[in-house]
There are 2 protein chains.
Amino acid sequence: MEDIQLIDIREHILSDNQNLAAEIRQKLTDNKVFMINVMASPGAGKTSLILAAIKQLKRKYRIAVIEGDIDSLVDSQKVTDAGVRAIQIRTGGDCHLDASMIQMAVDSLDLQNYDLVFIENIGNLVCPAEFDTGAHKKMMILSVPEGDDKILKYPLMFTVCDALVVNKIDTQSMFDFDVEKLKKRADVLNPNMEIFEVSSKTGKGVPFWCEWLEQAITEQLGY
Amino acid sequence: MEDIQLIDIREHILSDNQNLAAEIRQKLTDNKVFMINVMASPGAGKTSLILAAIKQLKRKYRIAVIEGDIDSLVDSQKVTDAGVRAIQIRTGGDCHLDASMIQMAVDSLDLQNYDLVFIENIGNLVCPAEFDTGAHKKMMILSVPEGDDKILKYPLMFTVCDALVVNKIDTQSMFDFDVEKLKKRADVLNPNMEIFEVSSKTGKGVPFWCEWLEQAITEQLGY
């Protein structure tokens, strides 16, 4: 009697994705380009935070933004208005960006002209956490109005990220959001994750996060 | 020469799901049970809104809540504390609920003891929109802090829903959220969708949405 052969589609997909992501990362490193994957719920403030970083860092680095979106060009337009190159990936339905999509975007960039690439992932706390995009660092934004319990509900996202930006901190008085409770839970789940309290609207805390980003770039690229 | 045969996995999955959802819906209708699928981003206020409805409607209807969650029991606990039966579906990674998951939950209920079932879907504006769960009505919550542009980015969700609750309306002064702009866009995309401005925190607007829900129940079940 033959053994039953089990083909785990998901495992295959994730493993192929992982290999491709490693290739992308190597290509970026070889070309002295640093890439960071920014993930969050819809409306947590991904575009605003990236725009705040562009403002602070564009004199130091040549920046491009890969924008993931199901259907619209809204965010790409904002980035272009800020004087930065935007590459729009229209997924047409997929709820995350994977390495093959990022490869297309990276291939469309002349890497010699860039130092820093932001990926603005699809607004979703679930699937993006599973897919390595080839970025050197992963970060997430959690906005105060979403609540401090999101770490209990979407633990994988909080586990894979190198940094967590708690955004819209200026609205904390309006919501029951306990930053200390969140920090304690994060410390158990992922003690290496750096946490920043930020308002990309008022600018509060943005420099501390940008400092972390600059340090990560220096560590990776050596300058 | 033979024709190439194309097997569209996604199409198969969605069509199987659709058939199963229709069976579930029929079973519920036969048993005089009304089910509504509540979808939203993480932290938009699904649990709070369902709790507000329970408070207002539990003398009139016998209610159960099917809770979708990747990993935690937080929401089920809140529902149980409100004196209502909760069935927790732990997806362990899937970013949406499908009809086969809901079938398991519905089969675990003695339908003769219930009139109204809420599905609290996974916090995600993408995939849940694609999967019919067997509910009679679909609704979504968009919270003010997420921004009024979400309808441009996640159009399918806004297209499939029968009602849209704009939640956290008490925080409108803190955010740039133009309700009229949202309504105009919604009117183009899905003119049949009812829109309610609500704060489940202060209770503002909740009765109008509950009235819509009661009317939908009456239309479906005839009492």
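What counts as what
Residues numbered from 1 in each chain as written. Chains lettered and ligands numbered in written order. Predicted model: local features only at pLDDT ≥ 70, side-chain atom pairs only at ≥ 80, totals over all residues. Helix = DSSP H or I, 4+ residues; strand = E, 2+ residues; numbered from the N terminus. Rg over C-alpha atoms; globule rule 2.2 N^0.38 Å. Buried ≥ 20, exposed ≤ 12 C-beta atoms within 10 Å, placed from the backbone. Contact = placed C-beta atoms within 7 Å. Pairing = 2+ DSSP bridges. Axes fitted to C-alpha atoms, helices over the stretch in contact; angles between N-to-C directions. Nonpolar A, V, L, I, M, F, W, Y, C, P; charged D, E, K, R; others polar. Right-handed = clockwise from strand over helix to strand, strands pointing away. Expected span 1.5 Å × (residues − 1). Core = buried A, V, L, I, M, F, W, Y, C linked by C-beta atoms within 7 Å.

**Q** Go over the overall build of chain A with me, naming the residues and quoting the values.
**A** Per the secondary structure count, chain A includes 8 helices and 7 strands. Relative to the compact-globule value of 17 Å for 223 residues, chain A shows a C-alpha radius of gyration of 18 Å, a close match. Seen through its C-alpha atoms, chain A measures out along the principal axes to roughly 65 × 40 × 35 Å. Counting across all 223 residues of chain A, residues that qualify as buried make up 45%. Across chain A, contacts joining residues at least 24 apart in sequence account for 74% of those joining residues at least 6 apart.

**Q** Would you mind going over the sheet that holds strand β3 (residues 85-90) of chain A in detail, with residue names and values included?
**A** Residues and elements named next belong to chain A. In space, the 7 strands of this open sheet follow the order β3-β2-β4-β1-β5-β6-β7, with parallel pairing throughout. Each edge of the sheet is formed by a strand with only one pairing partner; in this case those strands are β3 and β7 (194-197). In this sheet, adjacent strand axes meet at a mean angle of 20° when their direction is disregarded. Note that strand β5 (residues 137-143) and strand β6 (residues 163-167) share 5 bridges and pair parallel. Within the sheet, the bridge partner assigned to L142 lies in β6 and is V166.

**Q** Before we move on, could you go through the interface of chain A and chain B and cite the residues and values that matter?
**A** On the chain B side, the residues contacting the 28 residues of chain A number 28 residues. Element by element, the count of residues in the side of chain A that touches chain B is highest for helix α5 (residues 150-153) of chain A, at 3 residues. Each residue belonging to the side of chain A that touches chain B can be placed in one class, and the counts come to 13 nonpolar, 8 polar and 7 charged.

**Q** Quick one: what's the story with the pairing of β3(A), residue by residue and with numbers?
**A** One face of the sheet, then the other: side chains in a regular strand alternate in exactly this way. Residue and element names in this part refer to chain A. With 6 bridges joining them, strand β2 (residues 63-69) and β3 adopt parallel strand pairing. Across the sheet, residue D69 finds its bridge partner in β3, namely R90. Read from β2 through helix α3 (residues 74-81) to β3, the crossover connection turns out right-handed.

**Q** Summarise the environment of A:M101; cite the residues concerned and give the values.
**A** Tracing the backbone through its elements, the reader meets A:M101 in helix α4 (residues 99-107). Sequence-wise, A:M101 and A:I89 are 12 residues apart; in three dimensions their C-alpha atoms are separated by 7.3 Å.

**Q** Describe the sheet that holds strand β6 (residues 163-167) of chain B, with residues and values.
**A** Residue and element names in this part refer to chain B. Ordered in space as β3-β2-β4-β1-β5-β6-β7, the 7 strands form an open sheet in which the pairing is parallel. Only two strands of the sheet have a single neighbouring strand rather than two, namely β3 (85-90) and β7 (194-197). Shown here is a sheet whose adjacent strand axes are inclined to one another by a mean of 20°, direction ignored. Along the sheet, helix α3 (residues 74-81) makes contact with β2 (63-69), β3 and β4 (116-120), crossing β2 at roughly 165°. Against the sheet, helix α4 (residues 99-107) touches β2, β3 and β4, its axis set at about 145° to β3.

**Q** An account of helix α2 (residues 46-57) of chain A is needed here, citing residue identities and associated values.
**A** The terminal C-alpha atoms of α2(A), which comprises 12 residues, lie 16 Å apart, in line with the 16 Å expected from a rise of 1.5 Å per residue. Those residues of α2(A) that fall on the buried side of the exposure criterion are A:K46, A:T47, A:S48, A:L49, A:I50, A:A52 and A:A53.

**Q** Would you mind going over unusual backbone geometry in detail, with residue names and values included?
**A** Residue and element names in this part refer to chain A. Although it is not a glycine, K168 adopts a positive phi angle of roughly 60°. Along the polypeptide, K168 turns up in the loop between β6 and α7 (179-189). Residue K168 is classed as buried on the basis of its 27 C-beta neighbours within 10 Å.

**Q** Before we move on, could you go through the nonpolar core and cite the residues and values that matter?
**A** Ranked by internal contacts, the top residues of the largest apolar core, which has 130 residues, are A:I119, A:V165, B:I119 and B:V165. Residues within four places of B:V165 in sequence aside, it is in contact with B:L49, B:M139, B:I141, B:F196, B:V198 and B:W209.

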